[in-house]
Structures are given as C-alpha cells and as structure tokens.
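Each chain, letter by letter, is given below.
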Amino acid sequence: MVFITADRYNVIVKGVSAEPLTSGGAMMRIAGTWLFTLAWCLPPFFGWNRYVPEGNMLACGTDYLTETELSRSYLYVYSVWVYLFPLAYIIYSYTFIVKAVAAHEKGMREQAKKMGVKSLRSEEAQKTSAECRLCKVALMTVTLWFVAWTPYFVINWGGMFNKPIVTPLFSIWGSVFAKANAVYNPIVYAISHPKYRAALEKKLPCLACSTEGRDGGSDAGSTATAQTSEKAESA
C-alpha cells in the first residue's frame, strides 16, 4: 500500500519531473515488499514474541497476553513499522495529492475564464483525468486495507493493556476483517476502473465485464475520458 501511494504521489504531485516507474523498479518494489514481510513474520518463530491460538480457537495470531517486556517489545515495534508508519506516510502523501489535484483544477478554471470559455474540457470529459481516477481507486484500496487490519491493532493493544475487553467473540472480528481483505481489491477495481473491466473482458469475456454497450454510456464515456486525458498528457 505504501508503494502504491508513492507511485500516485510521484505521478500526480511531481508530474513531468518525476522519474517514471520501470519494470525493473516495479520488481524491486515487489522484492522489497516480500523481504519486509519476512523480516516481520519470522521473528516469532525464533523467540521474539510467538504465534498462539486466538480466543475463538479458529486462527492463530501474535501473543498479546504474555506480559514480558521481550514479548511486548515485538508488538510495540511491529505496530509502529507495520501499521502506524505506513498510515502516517499514506496520510501525508494523499494530503499533497489532494492539494495538487485541487490546484490543477483551480488553474484550469482560471485559464478557462481568461479565454472566455465555460470549460477547457469537452462535455464528455468533465470528469477528472485518468490519473486522478486511479488515485481515487488507490485511496479506496488503501483505506480498505487499514479498515481490515485496524481490528487486529486494537485487539493486540487491548490484550496488552485491557485484557477483559478481548473476549473470544471480540477476537473474531480481527480474523473476519483481515481475511475479507483478500476480496477488497478485485471488487474495488472491477467496480471503479473501466479500463480494468475492459482488460478483464478481453481476457475473460465470460464474466461479462464490458465497459461499452451492456454497462451503459457512462462507462464508455469514462473510458473515452481516460483515453483523451492520456493523449493530452503524452502530448
């Protein structure tokens, strides 16, 4: 989620001065994600905290009931680097992304006013550009990710400092929200991104994900808007 946000920041805030993402750069980010994951998932197997059955006895999670400082130190550091730091970085980045989009829209309106026209965009392209729409999809995906993992954050800290609130029923919510995270991305992209649906229809036409005709004119207009915006940006 941090790398997705960094890409949106790079494209929207830095604009033409940004260094474009290459295939090699994407592979390095994927490798970095896996290394970061292993760095935080393996320590409990070697004594820094541990994995134990949760209160509902249906899944395993980190041990938040052991009161030793060594065990708790893992949860402190883990919470900062895997939850709080990514959250702070994403909020910081999207603050500047929203400001950049707002400034761009304001500039467009002022330019249109100077030229004596109602808008610099055609009626069909009144929506935001393809990059801005992709930013919205990314923001929604990131938001859902944190919605998915916040219950576990609350459960771990509740188990350390207020054990009575972590009942077996309460501990179920962490598993439910976290495992539901697996279906968030496909739903968000399938509903929100016409180009994703177009690509999916080409690969799997049996899913009837057409962005034209069957989905109505709005999706076709959105696709045309994206193509128009991309041509304008490349020009």
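Residues numbered from 1 in each chain as written. Predicted model: local features only at pLDDT ≥ 70, side-chain atom pairs only at ≥ 80, totals over all residues. Heavy atoms only, no water.

- As annotated in an unreviewed UniProt entry, the chain is Rhodopsin from Penaeus vannamei.
- The UniProt entry for the chain carries the following comment under Subcellular location (unreviewed entry): "Membrane".
- Turning to the chain, the UniProt record has this under Sequence similarities (unreviewed entry): "Belongs to the G-protein coupled receptor 1 family." (UniProt positions renumbered as here; feature names shortened; annotations may be inferred.)

### Section: the overall build of the chain
So, step 1. Tallying secondary structure elements over the chain gives 7 helices and 2 strands in all.
So, step 2. Secondary structure elements in the chain, listed N-terminal to C-terminal, are α-α-β-β-α-α-α-α-α.
So, step 3. In the chain, buried positions account for 31% of the 235 residues.
So, step 4. If you take every contact in the chain between residues at least 6 apart in sequence, the share linking residues at least 24 apart comes to 62%.
So, step 5. As displayed, the chain has an accessible area near 14,800 Å², and 68% of this comes from carbon and sulfur atoms. (Helix = DSSP H or I, 4+ residues; strand = E, 2+ residues; numbered from the N terminus. Buried < 20%, exposed > 50% of the residue type's maximum accessible area, 1.4 Å probe, protein only. Contact = heavy atoms within 4.5 Å. Areas by Shrake-Rupley, 256 points an atom, 1.4 Å probe, with all protein chains shown as cover.)

### Quick look at the layout of surface pockets
So, step 1. Volume-wise, the largest pocket comes out at about 1,100 Å³.
So, step 2. Looking at the largest pocket, it is lined by 35 residues, and the ones nearest its centre are Phe-36, Tyr-78, Val-82, Tyr-83 and Trp-145.
So, step 3. Of all elements in the fold, only α1 (2-12), α2 (23-41), β2 (60-62), α3 (69-115), α4 (130-161) and α5 (168-192) reach the threshold of two or more residues within the lining of the largest pocket.
So, step 4. When residues in the lining of the largest pocket are grouped by element, the largest group, 9 residues, is from α3. (1 Å grid on protein atoms, 1.4 Å probe; cavity = no way out; pocket = protein on both sides within 12 Å on 5 of 7 lines; lining within 4 Å. Points joined across faces, edges and corners; volume = space filled by probe spheres on them.)

### Some points on the pattern of salt bridges
So, step 1. Inspection of the entire model under this criterion finds 3 salt bridges.
So, step 2. Its salt-bridge partner being Arg-8, residue Asp-7 comes within 2.7 Å of it at the nearest N-O pair.
So, step 3. Judged by its relative accessible area of 5%, Arg-8 is buried.
So, step 4. The salt bridge partner of Glu-67 is Lys-163, with a shortest N-O separation of 3.2 Å. Here Glu-67, found in the loop between β2 and α3, pairs with Lys-163, found in the loop between α4 and α5; they are 96 residues apart in sequence, far enough to count as distant. (Salt bridge = Lys/Arg side-chain N within 4 Å of Asp/Glu carboxyl O.)

### Notes on the UniProt feature "transmembrane region" (unreviewed entry) in the chain
So, step 1. The UniProt feature table records "transmembrane region" (unreviewed entry) at residues 30-48, 80-102, 137-158 and 170-192.
So, step 2. Between the C-alpha atoms that bound residues 137-158 the distance is 32 Å, and the span itself is 100% helix and 0% strand.

### Details of the confidence of the model for the chain
So, step 1. The share of residues in the chain with pLDDT of 70 or more is 77%, and the mean pLDDT across the chain is 77.
So, step 2. Put simply, helix α7 (residues 217-234) is where the chain has its lowest mean pLDDT, 42, and α2 is where it has its highest, 92.
So, step 3. Across residues 212-235, where pLDDT falls below 50, the model places 32 contacts with residues more than four positions away in sequence or in other chains. (pLDDT = per-residue confidence, 0-100.)

### Let's talk about the environment of Phe-161
So, step 1. Along the chain, Phe-161 falls in helix α4.
So, step 2. Setting aside its immediate chain neighbours within four residues, Phe-161 contacts Arg-72 and Tyr-76.

### Observations regarding the side chain of Ser-93
So, step 1. Structurally, the position occupied by Ser-93 is in helix α3.
So, step 2. What makes Ser-93 buried here is its relative accessible area of 1%.
So, step 3. Excluding anything up to four places from it in sequence, Ser-93 contacts Thr-5 and Tyr-9.

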